[in-house]
Amino acid sequence: MLARVDRHRGPWDFVIVGGGATGAGVAVDAASRGYAVLLLEQSDFGKGTSSRSTKLVHGGVRYLEQGNISLVMEALKERGILRQNAPHLVGNLPFVVPNYDWWETPFYGLGLKVYNLLAGKYGFGESSILSREETLQRLPTIRTDGLRGGVVYYDGQFDDARLLVNLMQTASEHGAAPLNYMQVTAVTKGSDGTVDGVVARDLESGREIHAAARVVINATGPFADTVRRLADPGAEALIAPSQGIHLVFDRSFLPGTSAIMVPHTKDGRVMFAIPWHGHTVVGTTDTPIAEASLEPRALETEIGFILETAALYLHKAPTRADVLSVFAGIRPLVRRGDSRITAALSRDHTIHIDSSGLLTTAGGKWTTYRHMAEDTVDQAAEFARLPEKPCVTAELRIHGFHPHADSLGTLGVYGSDAAAIRELERTEPRLAEPLDAAMPCTGAQVVWAAREEMARTVEDMLARRCRALFLNAAAAIRMAPAAAALLARELGRDDAWQRDQIAAFETLARGYRVAAE
Ligand SMILES: Cc1cc2nc3c(=O)[nH]c(=O)nc-3n(C[C@H](O)[C@H](O)[C@H](O)COP(=O)(O)OP(=O)(O)OC[C@H]3O[C@@H](n4cnc5c(N)ncnc54)[C@H](O)[C@@H]3O)c2cc1C
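Residues numbered from 1 in each chain as written. Predicted model: local features only at pLDDT ≥ 70, side-chain atom pairs only at ≥ 80, totals over all residues. Heavy atoms only, no water.

At Met479, helix α15 (residues 473–491) shows its maximal kink, close to 40°; a proline, Pro481, follows between one and four residues later. Every buried residue belonging to α15 is among Ala473, Ala475, Ala476, Ile477, Met479, Ala480, Ala483, Ala484, Leu486, Leu487, Ala488 and Leu491, and all of these are buried. Gly492 occupies a position one or two residues after α15 and carries a positive phi of about 70°. (Bend = angle between axes of the 7 residues up to and from the residue. Helix = DSSP H or I, 4+ residues; strand = E, 2+ residues; numbered from the N terminus. Buried < 20%, exposed > 50% of the residue type's maximum accessible area, 1.4 Å probe, protein only.)

Okay, here's the thing in structure tokens:
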């Protein structure tokens, strides 16, 4: 990718700052239309919010309750498009709403029928009313006293960080140059005061690059205001950051294949318990915070709230000692109505052009990243007077596309790449061994990540190329030395690098553990 940058002559059509769902979506959209695209991520792809979601590709039952029909319809359509274009990563998951009050079954039964109807041809499955016995069959660990029955509906589930890696590969296959560990440190302006490029530092080599652009897209999510202030130090805040956390437990807390959806927690939110990669993920919270950070930490009150809510619904209440991992993410919520030139193309995401000409795209959710990218590229191309080119992503297969990935076992999330990883295992049988008994991740996946997925550190590997850190922090710590040794072999690093990597990862991973009281 660095060679691609060095070879490039003249300004890029698009320089995208930020390698999360938003930046990756814009890179895929712009590159597949035929524009010249450079994407710069200061850390690893997905280090920000985009690896820390609830892992749902969903219309948002909550928006339906709020009566926001158009938003739900848009998200349900995008859910269907994503499953069609990345079937190896998007699964169909049954969600059960357990009912304890007499009015809940008719109320949620009807609401979820509407949810399904709104999906139209993009439907994931008919919702239906469950008897008490059927509810227990699907959710054997649900609290039984007072249980009347339930309602089942279907939504999508995915692996967020894996989708991001596949989107970067897709963008690159269409000619874009996505780079991780490239921090944008300045925004440059032409003689007329309009933004015409960026300065970025390669955090590995210390080298600085100057990239000229016809349009610079700020896709830095919760960090959007920091980047806007590089162009205009007085820019008023656009983002209102809000933190959400998840707790991860072993599979015994939710042993079936259905998820639990709690439509109203004590604080009026929706909460989910979902089966994911052989574990149980429970979340989330919504806590306004003053400032975004790359490694947000769960607050004690958030951990307590999730444990308390889970105890209301699960027969065996999970305790702090049961938590295998806790991860926090920051929603880049957009403040409304604070600028003359905010173009809210949808209630869900916002495209904002500062007077300097810096274009910021923020808000939305993972599920709608493609639509958000289409809007962004349309607006940016018009603003920069680029030749008009139609969007093609509604039909564009995402790297790894495989119609029957469930037949690929533990390598299902790799889709069409699974065969090449199996081949690595065949030629070097040692690589077929898992790095730890608690996780299926093998040495071959590490080698693959270093060669094909731009993994540069132990954290890139164990947090995002495979999801060990998010599933079981103690197991991830145990896996670090083996991962470091294989990465060092592939990337040509020495022993000192390995020691530093292991130490840095251990420090990080301790933040994903919850001290038992
Ligand atoms: C708790 C939680 C649960 C969620 N669950 C769901 C869900 O289940 N389904 C769903 O559809 N959506 C969900 N979302 C929403 C979704 O995750 C976000 O909308 C999406 O990930 C935002 O992506 P982004 O690219 O805008 O931001 P980010 O992923 O944060 O990416 C921004 C990137 O910009 C980089 N950056 C910052 N400054 C610079 C710089 N100077 N130079 C270079 N790079 C820089 C950062 O390092 C970061 O990687 C959830 C969000 C949260 C917080």
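Picking up after the structure, the text goes on.
Burial analysis of helix α13 (residues 458–465) places 8 of its 8 residues in the buried class, which makes it a mostly covered element. Within α13, burial applies to Val458, Glu459, Asp460, Met461, Leu462, Ala463, Arg464 and Arg465. Check the buried side of α13 and you find it contacts α7 (160–173), β21 (439–442), α12 (443–452), α14 (468–471), α15 and α16 (495–510). A distance of 3.3 Å separates the backbone nitrogen of Glu459 from a side-chain oxygen at the start of α13, and that oxygen is part of Thr457. (Contact = heavy atoms within 4.5 Å. Polar contact = N/O pair within 3.5 Å; in protein donor to acceptor, adjacent residues only side chain to side chain.)

Right, let's talk about the pairing of strand β16 (residues 325–334) for a bit. For β16, the tally of buried residues reaches 8 of 10 residues, placing the bulk of the element in the interior. The pairing of strand β11 (residues 239–250) with β16 spans 10 bridges and is classified as antiparallel. Residue pairing for β16: Ile245 is matched across the bridge by Ala328. (Pairing = 2+ DSSP bridges.)

Under the definition given, this model contains 13 aromatic pairs. When the centroid spacing of 5.3 Å and the interplanar angle of 45° are considered together, the rings of Phe14 and Tyr35 count as tilted. With a gap of 21 residues between them, Phe14 in strand β1 (residues 12–17) and Tyr35 in the loop between α2 (21–33) and β2 (37–40) connect regions that are remote in the sequence. For Tyr35, a relative accessible area of 4% puts it in the buried group. A network of ring pairs unites the aromatic residues Phe95, Tyr115, Tyr153 and Phe272 as a single cluster. (Phe/Tyr/Trp six-rings, centres within 6.5 Å; stacked < 30°, edge-to-face > 60°.)

Before going further, it helps to examine the pattern of salt bridges. Evaluation of the coordinates by the stated rule reveals 35 salt bridges. In this structure, Asp354 and Arg228 form a salt bridge, with 3.0 Å as the shortest nitrogen-oxygen distance. You can see Asp354 sitting in the loop between β18 (349–353) and β19 (359–363) and its partner Arg228 sitting in helix α8 (residues 224–231), a full 126 residues away along the chain. The buried category is assigned to Arg228, whose relative accessible area is 4%. (Salt bridge = Lys/Arg side-chain N within 4 Å of Asp/Glu carboxyl O.)

Attention now goes to the site of the ligand. Of all residues adjacent to the ligand, which total 38 residues, the nearest are Thr22, Glu41, Ser50, Leu56 and Thr367. At 3.0 Å from a nitrogen atom of the ligand is found a main-chain nitrogen or oxygen belonging to Gln42. Interatomic distance of 3.1 Å between a backbone N/O atom of Trp366 and an oxygen atom of the ligand. Only α2, β8 (182–189), β11 and β16 provide two or more residues apiece to the shell around the ligand. Classifying every residue of the shell around the ligand by side-chain character gives 13 nonpolar, 20 polar and 5 charged. (Near = heavy atom within 4 Å. Nonpolar A, V, L, I, M, F, W, Y, C, P; charged D, E, K, R; others polar.)

So, about the side chain of Gln501. When you line up the elements, Gln501 lands in helix α16. With a relative accessible area of 15%, Gln501 lands in the buried category. A distance of 2.8 Å separates a polar atom in the side chain of Gln501 from the backbone nitrogen of Val458. Those residues within four positions of Gln501 in sequence are excluded, and the remaining contacts are Thr457, Val458 and Glu459.

Looking now at the environment of Leu247. Looking at the element boundaries, Leu247 is found in strand β11. Since its relative accessible area comes to 0%, Leu247 is described here as buried. Taking the C-alpha atoms as reference points, Leu247 and Glu302, 55 residues apart in sequence, are found 9.7 Å from one another. Those residues within four positions of Leu247 in sequence are excluded, and the remaining contacts are Thr280, Val281, Val282, Ile303, Ile306, Leu307, Val323, Ser325 and Val326.

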